[in-house]
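Residues per chain are reported as follows:
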Amino acid sequence: MAIQIPIQKGTLLAPHLAVQELLGEGTFGVVVKCLDLLNKESVAVKIVKSGHSYTQMVSKEFELLDQSLFDFMRKRNFQPLLLAEVRHVLHQMTTALLHLQSLKIIHNDIKPHNIMVVNQNQRPLQVKLIDFGLACHVVDAVSGTNVQSLWYRAPEVVLRMTFSESVDMWSLGLVVFEIAMGFPLLPARHEYDLMKFIVETLGPPSVKQLGCGQRSRYFFDFVEGSQNIWTLKTPKKFASETGHCYVDSRYASFRSLEEAMVSRIWQTGDTDVNKARCFVHLVQSMLRVDQQARAVPLKVLRHPFLTEKPVGPPASEGARDGIIADNCRQTIHQPAGVVYFCTHASCKAPLMHQPTYLVTHQHINPHTNRPTGLPPIHVHPNFTSRTVRCVPIYQQAQVLNYLPR
């Protein structure tokens, strides 16, 4: 029979461990800071909860770390990290995934809360992966199991497909995007919302994936025929079938990761466009919707963004279906008009590629959330226009996309 333990200062968890303070509490237990009376060092102890009481059923001492990556970002008001800082975090986390892969273990819950900063004052940042409560061996991964926190959940988990270590790479890709941008890419409140965000920003699941998913028809309509077309259900239809009302809870809506990176450049003033472009290419490889095409740890560790190899030759001009990334020597598939060039005098946004976009800024009234006025623009017949929201929330950009005839 489990013994109840009062969690308060001075409680002895063992003859040599005295509770000093509560560090955190979760659904299944608490973590407390304790003083080791033998060597006078502080340690953290995790105690599992049984019902509404804490027991001695399971307890484990572990290294006392500084704070989670989430808390670290929150204390800096979610200001994006420099790409050099992101590189160090990504390298350490990918190395951890490489070790887990060698052991055939899936963590299943990678998120900023489960990445600990060893010392917030140390540079470069040293981080460690924690909380293996949902971890499992690859052979024990059961199709249909609902794992991972919603914001960091891989498409194959949402569709209730067979999953593997690649779900951890997906989560890590979202984490590094978040610390580089200052906000999460997919902050969904429901799995339908999450799938809609994925489809709009990263693309839809493949026909093969949808054919294997236990919940594919929950999110998608299937039209049987020669092409076996799957289409995401509209918010209206999904609400009529399930009662869930879609909410776009994203901090910013992007049609691609390249578009997101341009907004970051405007926000941070980062002028190393080659480095930014290479970072985008790496994150794209980590966030492939098809888990079979997703990057593996060793490939990530060898990517030019982490190895900092010299850049390759300049990209050739214009490709409607894709352009060559200078320093990655890989084809990035994207729509025509991948270049952003700002004509606003105070913006000075750098070119991402050869100029095929022209941008003018306008201010947005923070009280009415409406533009204060847009300078007259003479649009060439070869241009189509659209409006995007920049990260600086009181600016808006009118983007003119040049489409060669």
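See the structure shown above.
My aim in this report is to walk through the structure given alongside it, one point at a time.

1. Some words on the overall build of the protein chain
(1) Moving on: Scanning the protein chain from N- to C-terminus turns up 12 helices and 18 strands.
(2) Moving on: Residue burial in the protein chain is summarised as follows: out of 405 residues, 46% are buried.
(3) Moving on: Counted over contacts in the protein chain with a minimum sequence separation of 6, partners at least 24 positions apart contribute 55%.
(4) Moving on: Counting every atom, the protein chain has about 20800 Å² of accessible surface; 54% of that belongs to carbon and sulfur.

2. Notes on the packing of helix α4 (residues 166-181) against helix α10 (residues 273-286)
(1) Moving on: Between α4 and α10, the shortest axis-to-axis distance is 8 Å and the interhelical angle comes to 150°. Between α4 and α10, the crossing angle belongs to the class labelled roughly antiparallel. Like other packed secondary-structure pairs, α4 and α10 cross with a definite hand, here left-handed. Of the residues in α10, those in contact with Met 169, Trp 170, Leu 172, Gly 173, Val 176 and Ala 180 of α4 are Phe 279, Val 283 and Met 286.

3. Things to note about the nonpolar core
Proteins that are soluble and globular tend to have nonpolar side chains buried together.
(1) Moving on: In terms of nonpolar packing, the biggest core is built from 73 residues, with Leu 90, Ile 115, Leu 186, Phe 279 and Phe 305 touching the most fellow members.
(2) Moving on: The element that contributes the greatest number of residues to this core is α4, accounting for 11 residues.
(3) Moving on: In contact with Phe 279, other than residues within four places in its own chain, are Leu 83, Val 86, Val 176, Ala 180, Met 261 and Phe 305.
(4) Moving on: With 9 residues, the next largest nonpolar core counts Cys 34, Val 43, Val 45 and Ile 47 among its residues.

4. Some details on the packing of aromatic side chains
(1) Moving on: This model, assessed by the stated rule, comprises 12 aromatic pairs.
(2) Moving on: Over the ring of Phe 305 we find Arg 87, and its NZ or CZ is 4.9 Å from the ring centre.
(3) Moving on: We note Arg 215 situated over the ring of Tyr 218; from NZ or CZ to the ring centre the distance is 4.1 Å.

5. Regarding the environment of Lys 75
(1) Moving on: Its location among the elements puts Lys 75 in helix α1 (residues 69-75).
(2) Moving on: A relative accessible area of 61% places Lys 75 in the exposed class.
(3) Moving on: Looking at Lys 75, its side chain comes within polar contact range of the side chain of Gln 67, at 3.3 Å.

6. Considerations on α4
(1) Moving on: With 16 residues, α4 extends 23 Å between its outermost C-alpha atoms, agreeing within 8% with the 22 Å of an ideal straight helix rising 1.5 Å per residue.
(2) Moving on: Of all the 16 residues making up α4, 16 are buried; the element is thus mostly covered by neighbouring parts of the structure.
(3) Moving on: Of the residues one or two after α4, Gly 182 is the one with positive phi, at around 95°.

7. A word on the pattern of salt bridges
(1) Moving on: Counted by the stated rule, this structure contains 15 salt bridges.
(2) Moving on: Put simply, Arg 215 and Glu 191 hold a salt bridge, and the shortest N to O gap is 2.7 Å. Of the two residues, Arg 215 sits in the loop between α6 (207-212) and α7 (216-219) while Glu 191 sits in helix α5 (residues 191-201), which places them 24 residues apart along the sequence.
(3) Moving on: Relative accessible area serves as the criterion here: at 22%, Arg 215 is assigned to the partly exposed category.
(4) Moving on: Note that Lys 237 and Asp 221 form a salt bridge whose closest N and O atoms lie 2.9 Å from each other. Of the two residues, Lys 237 is situated in helix α8 (residues 235-242) and Asp 221 in strand β11 (residues 220-223); the sequence distance between them amounts to 16 residues.
(5) Moving on: Taking relative accessible area as the criterion, Lys 237 reaches 32% and is therefore assigned partly exposed.
(6) Moving on: The structure contains a network of salt bridges with shared partners spanning Arg 153, Arg 160, Glu 191 and Arg 215.

8. Things to note about the sheet that holds strand β9 (residues 127-129)
(1) Moving on: Reading across the sheet, the 3 strands line up as β6-β8-β9 and stay open at both edges, with antiparallel pairing between neighbours. Looking at strand neighbours, the two that pair on one side only are β6 (67-68) and β9, the edges of this open sheet.
(2) Moving on: Here 2 bridges tie β6 to strand β8 (residues 115-117), and the two strands are oriented antiparallel to one another. Paired with Ser 68 across the strands is Met 116, a residue of β8.

9. Concerning α5
(1) Moving on: Of all 11 residues in α5, 9 are buried, a share of seventy percent or more.
(2) Moving on: The complete set of buried residues in α5 reads Glu 191, Tyr 192, Asp 193, Leu 194, Met 195, Lys 196, Phe 197, Ile 198 and Thr 201.
(3) Moving on: Looking at the buried residues of α5, the elements they touch are α3 (155-158), α4, α7, β11, β12 (229-232) and α8.
(4) Moving on: One or two positions beyond α5, positive phi appears at Gly 203, with a value near 105°.

10. A closer look at the environment of Met 261
(1) Moving on: Looking at the element boundaries, Met 261 is found in helix α9 (residues 257-268).
(2) Moving on: Distance in space between the C-alpha atoms of Met 261 and Ala 276 is 7.1 Å, their sequence separation being 15 residues.

11. As for the packing of helix α2 (residues 83-102) against α4
(1) Moving on: The geometry of α2 relative to α4 is characterised by a closest axis approach of 10 Å and an angle of 165° between their N-to-C directions. When the axis of α2 is compared with that of α4, the two are roughly antiparallel. As for how α2 packs across α4, the hand of that crossing is right-handed. Contacts between α2 and α4 pair Leu 83, Val 86, Val 89, Leu 90, Met 93, Thr 94 and Leu 97 from the former with Asp 168, Met 169, Leu 172, Val 176, Ile 179 and Ala 180 from the latter.
(2) Moving on: The residue inventory of the contact of α2 with α4, partitioned by class, reads 11 nonpolar, 1 polar and 1 charged.

Basis of the calculations
Residues numbered from 1 in each chain as written. Predicted model: local features only at pLDDT ≥ 70, side-chain atom pairs only at ≥ 80, totals over all residues. Heavy atoms only, no water. Helix = DSSP H or I, 4+ residues; strand = E, 2+ residues; numbered from the N terminus. Buried < 20%, exposed > 50% of the residue type's maximum accessible area, 1.4 Å probe, protein only. Contact = heavy atoms within 4.5 Å. Areas by Shrake-Rupley, 256 points an atom, 1.4 Å probe, with all protein chains shown as cover. Axes fitted to C-alpha atoms, helices over the stretch in contact; angles between N-to-C directions. Parallel < 35°, antiparallel > 145°, perpendicular 65-115°, else oblique. Left-handed = near helix turned anticlockwise from the far one by under 90°. Core = buried A, V, L, I, M, F, W, Y, C linked by side-chain atoms within 4.5 Å. Phe/Tyr/Trp six-rings, centres within 6.5 Å; stacked < 30°, edge-to-face > 60°. Lys NZ or Arg CZ within 6 Å of the ring centre and 35° of its normal. Polar contact = N/O pair within 3.5 Å; in protein donor to acceptor, adjacent residues only side chain to side chain. Expected span 1.5 Å × (residues − 1). Salt bridge = Lys/Arg side-chain N within 4 Å of Asp/Glu carboxyl O. Pairing = 2+ DSSP bridges. Nonpolar A, V, L, I, M, F, W, Y, C, P; charged D, E, K, R; others polar.

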